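Letter by letter, the chains look like this.
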Amino acid sequence: MYLSVCLSVCLSACCPAEGAADVSAVRMLRALYSSGTVSVVEQTERAVVPLRFLLVLSILMAEDILLYWGSGSPPCWRVMIALEEKNLHGYKSKPLSFKQQEHKGPEVLALNPRGQIPTFKHGDIVVNESIAACMYLESRFKSQGSQLMPDSVTEQALVLQRMFECITMQKKMYDVVFYEWFVPEGERHESALKRNKENLTTELKLWESYMQKLDKGSYLAGKSFSMADVVCFPYIALLVWFGLNTERYPRLGEYYELVKERPSVKASWPPHRLENPQNQDTIKGL
């Protein structure tokens, strides 16, 4: 029903005088997409089907996607940014509560035995790791929306480097920001927290130096927004929200201000941040 309404609206808005021809083209799009003949769809999209059908094609593709996610989870957010960048705006979305342990429920466990989110499903394909889901979206919908992996092998190398370096930044940040969550009270030591803060400081200085080597207004891997930004921005945003001193790390602060205005980021902004935008000061002194 939802798809029929969307198709009807698209057709009447795009070309009301060509209804029969448009319906035939839409049927062709649906058949090509359902068959999984990606290359044919891409060729049809570029060479035969009018531009007004790109929106319809996006709806057809997005309706087969289901994402289980939680507000405040950077891994969930990165998948949502990737979905927006690939113009898959109408995907099915199921927000879950970490507090109520909904991600450990039978619905998620049936797809993801780890009981973790994001849990991503496209048709019969399930991808339960966030970076893998982002890479899947780029590969599966390569010709749609933003190109997130550059064609140049040299440029790809830097994008991949930053993507996987982000895992190190995440670990060092979590060691500080969530120390009291991860470590039982009886096992906490000020010396360990001090060491964790020193490690995070070293990591922040490294990322600041990366940005200093690039022109102002650059993204993490150069002038173009890329998969490196999709993967890493949610963690840099988390750093800012937990009190990153942007006077001490000005280029990281500028990067945050640049990317937060991107439509895909604004469209997927964590709801809990809209409800409670105040920052904390956990890492303010680093």
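Everything discussed here concerns the structure shown above.
As the structure is a computational prediction, the values presented were derived from the model and not from experiment.

Conventions adopted
Residues numbered from 1 in each chain as written. Predicted model: local features only at pLDDT ≥ 70, side-chain atom pairs only at ≥ 80, totals over all residues. Heavy atoms only, no water. Helix = DSSP H or I, 4+ residues; strand = E, 2+ residues; numbered from the N terminus. Buried < 20%, exposed > 50% of the residue type's maximum accessible area, 1.4 Å probe, protein only. Contact = heavy atoms within 4.5 Å. Areas by Shrake-Rupley, 256 points an atom, 1.4 Å probe, with all protein chains shown as cover. 1 Å grid on protein atoms, 1.4 Å probe; cavity = no way out; pocket = protein on both sides within 12 Å on 5 of 7 lines; lining within 4 Å. Points joined across faces, edges and corners; volume = space filled by probe spheres on them. Nonpolar A, V, L, I, M, F, W, Y, C, P; charged D, E, K, R; others polar. Pairing = 2+ DSSP bridges. Right-handed = clockwise from strand over helix to strand, strands pointing away. Polar contact = N/O pair within 3.5 Å; in protein donor to acceptor, adjacent residues only side chain to side chain. Patch = residues over 30% accessible without salt bridge, like charges linked within 9 Å, V, L, I, M, F, W, Y side chains within 5 Å. Salt bridge = Lys/Arg side-chain N within 4 Å of Asp/Glu carboxyl O. Core = buried A, V, L, I, M, F, W, Y, C linked by side-chain atoms within 4.5 Å. Axes fitted to C-alpha atoms, helices over the stretch in contact; angles between N-to-C directions.

Here we look at the overall build of the chain
Within the chain, the regular secondary structure consists of 14 helices and 4 strands. Burial analysis of the chain (286 residues in total) assigns 48% to the buried set. A fraction of 70% describes how many contacts in the chain between residues 6 or more apart in sequence connect residues 24 or more apart. Of the roughly 14800 Å² of accessible surface on the chain, 54% is carried by carbon and sulfur atoms.

Let's talk about the layout of surface pockets
In this structure, the largest pocket spans a volume of roughly 1200 Å³. Taken together, 39 residues make up the lining of the largest pocket; nearest its centre are Gly72, Ser73, Pro74, Tyr174 and Phe178. Broken down by secondary-structure element, the contributors of at least two residues to the lining of the largest pocket are α5 (74-85), α7 (130-140), α8 (153-177), α9 (179-182), α10 (190-212), α11 (227-241) and α14 (271-275). Tallied by class, residues from the lining of the largest pocket come to 20 nonpolar, 14 polar and 5 charged. Estimates place the volume of the second largest pocket at around 200 Å³. Pro150, Glu155, Val159, Ser224 and Ser226 are the residues nearest the centre of the second largest pocket, which is lined by 14 residues in total. Tallied by class, the residues present in the lining of the second largest pocket amount to 7 nonpolar, 4 polar and 3 charged.

Notes on the pairing of strand β2 (residues 92-95)
Inspection of the sheet shows strand β1 (residues 65-69) paired to β2 by 4 bridges, in the parallel sense. Looking at β2, one finds that Leu67 is bridged to Ser93. Read as a crossover between parallel neighbours, the route from β1 over α5 to β2 is right-handed.

Focus on the side chain of Gln144
Mapped onto the fold, Gln144 is located in the loop between α7 and α8. Among the residues examined, Gln144 registers a relative accessible area of 7% and is labelled buried. One polar contact links the side chain of Gln144 to the main-chain carbonyl oxygen of Lys86, over a distance of 2.7 Å.

Comments concerning a nonpolar patch on the surface
Nonpolar side chains collect at one region of the surface, where Leu160, Phe164 and Ile167 lie side by side and expose about 250 Å² of accessible area between them. Position of Phe164 relative to the elements: it lies in helix α8.

Notes on the environment of Pro118
Along the chain, Pro118 turns up in the loop between α6 (106-109) and β3 (119-122). Sequence-distant contacts of Pro118, that is, excluding residues within four places in its chain, are made with Leu67, Tyr68, Pro75, Cys76, Val79, Asn112, Asn128 and Ser130.

Digging into the nonpolar core
Counting residues in each nonpolar core, the largest one holds 70 residues, and the members touching the most others are Leu83, Phe120, Leu137, Met227, Phe233 and Ile283. Where this core is concerned, the elements lending two or more residues are β1, α5, α7, α8, α10, α11 and α12 (250-259). It is α11 that contributes the most residues to this core, 13 residues altogether. Excluding anything up to four places from it in sequence, Ile283 contacts Val176, Val177, Leu200, Leu239, Phe242, Gly243 and Leu244.

As for the sheet that holds strand β4 (residues 125-127)
Taken in spatial order, the 4 strands line up as β2-β1-β3-β4 in an open sheet, and their pairing is mixed. The sheet is open, and its two edges are formed by β2 and β4, each paired on a single side. Across the sheet, the axes of successive neighbouring strands diverge by a mean angle of 15°, strand direction being ignored. Against the sheet, α5 makes contact with β1 and β3, and its axis sits at roughly 150° relative to β1, the strand it touches most.

Quick notes on the pattern of salt bridges
Summed over the entire model, instances satisfying the criterion amount to 11 salt bridges. Across the salt bridge formed by Lys94 and Glu107, the nearest N and O atoms sit 2.6 Å from each other. A residue pair is termed long-range when its members are at least 10 positions apart, and Lys94 in strand β2 and Glu107 in helix α6 qualify at 13 residues. Linking Glu198 and Lys194 is a salt bridge whose minimum nitrogen-to-oxygen distance equals 2.6 Å. With Glu198 and Lys194 both in helix α10 and 4 residues apart, this pair spans about one turn of that helix.

Concerning empty space enclosed by the protein
Applying the stated criterion across every chain, the model contains 2 cavities of 30 Å³ or more. Considering only enclosed or pocket space, the second largest cavity measures out at about 40 Å³ in volume. As for the second largest cavity, its lining consists of Trp69, Gly70, Ser71, Gly72, Ser73, Cys76, Trp77, Met80, Ser268, Pro270 and Pro271. No other element matches α5, which puts 3 residues into the lining of the second largest cavity. Classifying every residue of the lining of the second largest cavity gives 6 nonpolar, 5 polar and no charged.

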